[in-house]
Amino acid sequence: MSCEITTVDDLRTDPPTRKCSTSSTNSTSSMNSTNSAGSLATSDGDVDVAAVAIPSSAVVVYVTDDAVATMSVVSCRGDRTCATVANVDESSSDIHTDRDECSSDESCNGPDSPTGLKRVGSVYDFGLDEADSPPPCANHPFAAGPDADLTKVARKQLRMIREVDVAVCHLNHTNTIISKILSSKYLRRWENHQIRLQDDCITSNTPSGFLSKTIGYEAIKDLYPVKRWDSNFKYCLRVVVNNGSYLLQTTNQYLRDQILYSILWKKNVQETQTLLKSQSDPDDMLKELQNIVDFAKNIPLVDDEIFHMPTFIASTLMTRDQEKYCKQSWEKTLIGTLRPLIEDCPPSAEMCSFLSHHCKDQSSLPIIKDSLVYTITRILKHNFDFARTLTARTLVQDYIKALYIQDRSGESIRYFLSRVHSASAVCPHNRVLPNMVSTCITAIYSASEELPANCSEAEFDCYYTNHLRCYIVVLQNISEYSDWLYGLAQLLRPLPFPALLLIRSIFMEDISSVILKIGLHEDCEIHKQVLAVRETKDGWFDLCSPIEAVFCGSSIVWTQLLKTLMACERCKKKKLLKNLKAKHLGTCVSEALKNNKIVMDVLCLMLEWMVVEDLHQRNQIVDTLKSTEFGRNVYDEFMSRQNQLLELQRKGGPQNLSLPARGTDLDLNSMFDCGPFGNLESVDLAFTNVTDTCANTLIKLPSLKVLNLWGTQFGDSGLLIISDHLTNLQVLNLCETKVTDRGIVSLISLINLKKLNLNSTKATVRSVDVLKKKLPGLHEVDVRYSFAW
C-alpha cells in the first residue's frame, strides 16, 4: 500500500508530528517507510503522518490503496494548528485522528450519542446535528459576534466532573521505530487512576506512572473522543499534548462526554482568565468576556460553576481598576454581556454592588429593568441569609426603589411581583414572601434612621414619598394575592415598623389599605391577625381607633374591622368584648353618640353578656344607648330578652331536655320558644342534626351543667362560643363530632368541667395535656379511638 500527501499553499518546515492511523485489508506484507513527509508504517498498521503547520486555507489529501481521506485545517489560538481527517475507511481504523463521534456499533443519533460541536459563524453550537460533529479544538478562540446564534442543548445535559476513575494510556509520538512499536495496540499499557480536574491542570490522586506529572490545560493541543480499536476498550478520550497523547478510557459513553466537556470548560476558563490578565483595552476584555458567556450558555454541562465563573471574572474586572473600567458606557455594555447569566444564577457580592449602583442610575434602569427580574427573583426564592449577604438585600431594595421612581403609579412594581409570584394561583416558592417583606421592613427602618430629628410634617411627607412609599406599595401589591395574605398578616401582626411612622397620618393612610385587606377577609385565621399578639400590646385594630391622633375624626377603618370581628362565628366574642371594655370603652361611647349602629350593638352585647360589671360603666352605656333613637330600640330589645329570661327562671320548668333524632337547629330554637326553661341543667342532643349554630341558643341557658353532643355536626366554632358563656358546665360529650385541637383547647375557660368525652375525634395528646394542666378539676377524659391514639 502506498501513501501520499498533497498540500495546497506553502508548507512551513519543522512540523510537529501527528498520527494518522489506517490499514489495508488487501495488503499481504508490512508497510514500508514512506516519503520525506515523515510518515512511518509499523507492523500493526499504524501510520505516522507528518502534520505540518498549514495555513487556514490549506487542504491535505491523504491517499492510500483503499481509501482517500481529506484533512482540513482549523486554525487555533496563536500559531497552533489542529487538523481533522475525514472520510477514512472505517474498517481500516485503529486509533482515528478524525475525532470520531462514537463506536462503530452505535447510532450517532441515539440517546447515548455524544453531544458534538459545530461552528455557527464564530460561535460553537453544542446542539445535535444529523451526525455528531467533532468537538472544537480545545485551543480555539471562542470569539462571539453580535448576531451569534446561541442554541441551548435540549437532548442531553451533563453533570460536570471533578473527580473520576479512568484507565490511562500514554502514546509516545517520537519518530522512531521503537516508539511506534511500544505504542502499538498489542503493547499498550494501561494504568488505573483517579484523576482530578483542577482549575489549572489535570492531576491524579495517585501521582505515578503516566500521571506522575500534572497535565496543564495550556499544554493540551487537542481533545476529542476516539473510536474503539478493539472490543475491550470502547469509550476513550484522547488528550493531545506536546510530547504525545493520553488515552482516557471510561466505562460508558455518558461518562466519557462528561470528562470531555468538563476539560473543555476548565481549559477555556483558564485561557480567558490568562488573556484578561494581559489585556488592557476594555473593549477587548468585553469581547473575551462575551466569548466565555456564549460558551457557558451553550456547553451541555449542568453546574453552578458554569454560571458563577463568568460573573466572578466580571467582578474581578470591576474591582481591578475602578477608574479605568467603571465608566457608564462600558458598564452598560458589561450588563448586556452578562445578561444571559445573571438571569440564571445568584450574583456575587461584587456583582450585587455593581448592579445596585446601576439601579440608582436612572439612565441605566431601562437596560437592567428586565435583566434583573430573574436575578431578584432568584435571590427572593432561595433561603438567603441577608445578615451575611447584605449586598443582595441592598440590591433588592434599590431595584424596588428604582421601579417606583420610574413609575409612581406602581404598575412596574405590580408587574415585578406578578413575575415573582408566578402565573399559578399559589406561589410555588415558600421563601419569596418572608424575604420580600423582611427586605421592605429593613429598608423602611434604614431610611427612617436618616430622618432629621424633629422634622416638620411637610418635610416628613416629602421624605416619605421619595424614600419610603415604594416599599409600602410593595406590601399593598402583596396583599392582592390571596395565597400570600395569611403570611403577610402574620408578619405584620407585631407592628414591625418604627414608632415614629406609626404616629404619622400619611404612613397610616397607606398601610390602612393593607390592614383592611387583612381585617375584612372572611377567613378567621386571617382577619384576627389585626388584633394584638398579647393583651398588653397594641395591634392594628387598636392603632386604627378613631380616638387616636392618627385617625382622629375618622372611624371608617376601625368600624369595619369591628364589624368583621363581631360577625365571625369562630372568633371568641366575649374575649373581644372584654378587650374593648378595657381599651376602647370610651371610643365605643363616643362613636355611639355619633349614631354608629355597629358600636351600639356591641355596647348592648356587653350588657347582655355581663362583660361590664361596674355599675357606673353600665349606667354610662345605658345613657349612651338612650340618647339616640336607634340606641333606644336596641336597648328596648335587650331589656325584652332579659325580662323574658327572668320570667322563665321565675316560673321554673324542666331540668332535663332531649331533642328527638334528626332534630335541627331550628327545632331547638322553636322548642325554647314554647315554654319556660329557666332551670334547664341537662340537654341531650345526641345523634341529631344540630350544628355550630345551636351554640347561640345554648348560651342562653346559664344554669346548664350537662351537654351531650354525641354524633352531631358540632365543631370548633361552636366550642369557642360555649366556652365563653357556659361556665357552669360540668359534663360535655363530644364523641364522634368534628372538633379538633383548636376548639378543644378553648375549653380551658370552663373551670367547672369534670368529665369530657373525646372518643373518636381528632383530639391529640397536646390538647389533652393542656386541658389537664389548666383544669385541675377535670377527672375523666375519654380519648379512645381518637385521631392521635
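Preceding this section is the structure that the text describes.
Note that this is a predicted model, so its numbers are computed, not measured.

Thresholds, definitions, all that
Residues numbered from 1 in each chain as written. Predicted model: local features only at pLDDT ≥ 70, side-chain atom pairs only at ≥ 80, totals over all residues. Heavy atoms only, no water. Helix = DSSP H or I, 4+ residues; strand = E, 2+ residues; numbered from the N terminus. Buried < 20%, exposed > 50% of the residue type's maximum accessible area, 1.4 Å probe, protein only. Contact = heavy atoms within 4.5 Å. Core = buried A, V, L, I, M, F, W, Y, C linked by side-chain atoms within 4.5 Å. Polar contact = N/O pair within 3.5 Å; in protein donor to acceptor, adjacent residues only side chain to side chain. Pairing = 2+ DSSP bridges. Axes fitted to C-alpha atoms, helices over the stretch in contact; angles between N-to-C directions. Parallel < 35°, antiparallel > 145°, perpendicular 65-115°, else oblique. Left-handed = near helix turned anticlockwise from the far one by under 90°. Lys, Arg positive; Asp, Glu negative; His and termini not counted. Salt bridge = Lys/Arg side-chain N within 4 Å of Asp/Glu carboxyl O. Arc of directions from axis to C-beta.

Overview of the overall build of the protein chain
When its secondary structure is counted, the protein chain shows 29 helices and 24 strands. The proportion of buried residues among the 789 residues of the protein chain is 51%. A separation of at least 24 residues holds for 66% of the contacts in the protein chain among residues at least 6 apart in sequence.

Brief notes about the nonpolar core
In globular proteins that are soluble, nonpolar side chains generally tend to be buried together. Grouped together as the largest cluster of nonpolar side chains are 187 residues, with contacts concentrated most on W265 and W540. Not counting residues within four places of it along the chain, the set of residues in contact with W265 comprises M160, I292, F295, A296, I299, L301, E305, I306, M309 and P310.

A word on the environment of S245
Among the secondary structure elements, S245 is positioned in strand β17 (residues 244–250). Within polar-contact distance, the side chain of S245 engages the side chain of R238 at 3.2 Å.

Comments concerning the pairing of strand β12 (residues 191–197)
Burial along β12 is one-sided: the face carrying E191, H193, I195 and L197 is buried and the face carrying N192, Q194 and R196 is not. As judged from the six bridges shared by strand β11 (residues 163–172) and β12, these two strands associate in the antiparallel manner. Looking across to β12, one finds that D165 is bridged to Q194. Across three bridges, the pairing between β12 and strand β13 (residues 201–204) is antiparallel. Residue pairing in the sheet places R196 in a bridge with T203 of β13. The antiparallel pairing of β12 with β13 creates a hairpin that spans three residues between the two strands.

Re the sheet that holds strand β23 (residues 755–757)
Strand order in the open sheet formed by six strands is β19-β20-β21-β22-β23-β24, and the pairing between neighbours is parallel. Both edges of this open sheet fall to β19 (656–658) and β24 (780–782), since each of them pairs with a single strand only. Averaged over all pairs of adjacent strands, the angle between their axes in this sheet comes to 5 degrees, without regard to strand direction. Taken together, the three bridges between strand β21 (residues 706–708) and strand β22 (residues 731–733) define a ladder with parallel strand orientation. Of the residues in β22, the one forming a bridge with L707 is L732.

Structural notes on the packing of helix α11 (residues 432–449) against helix α14 (residues 482–492)
α14 packs onto α11 with a crossing angle of 40 degrees between their chain directions and a minimal axis gap of 10 Å. Classified by the angle between their axes, α11 and α14 sit oblique to one another. As for how α11 packs across α14, the hand of that crossing is right-handed. Where α11 approaches α14, its residues V432, L433, P434, V437 and I441 are matched on the opposing element by W484, G487, L488, L491 and L492.

What about the side chain of D692?
Mapped onto the secondary structure, D692 falls in the loop between β20 (682–684) and α26 (695–698). Within the buried core, D692 has no salt-bridge partner, and the shortest N-O distance to an opposite charge, that of K738, equals 5.9 Å. If we skip the residues at most four places from it in the chain, D692 touches Q713, F714, G715, D716, S717 and G718.

Concerning the pattern of salt bridges
Throughout the structure, instances matching the rule amount to 18 salt bridges. Residue R504 pairs with E457 through a salt bridge whose shortest N-O separation is 2.9 Å. Taken together, the positions of R504 in the loop between α15 (499–502) and α16 (505–519) and E457 in helix α12 (residues 457–467) put the pair 47 residues apart, joining distant regions of the chain. Note that E591 and K594 form a salt bridge whose closest N and O atoms lie 3.7 Å from each other. Under the relative-accessibility criterion, E591 is labelled buried at 4%.

A word on helix α25 (residues 665–672)
If you check which residues of α25 are buried, you get D665, L668 and F672. Taken down its axis, α25 places every buried residue within 60 degrees of arc, on the same side. Buried residues belonging to α25 abut β19 and α26.

Digging into the sheet that holds β13
The seven strands lie next to each other as β14-β13-β12-β11-β17-β16-β15, forming an open sheet whose pairing is antiparallel. Edge strands, defined here as strands with exactly one partner in the open sheet, are β14 (215–216) and β15 (222–226). Across five bridges, the pairing between β15 and strand β16 (residues 235–241) is antiparallel. Bridging across to β16, Y224 finds its partner in R238.

Functional significance is not addressed by these values, which are geometric in nature.
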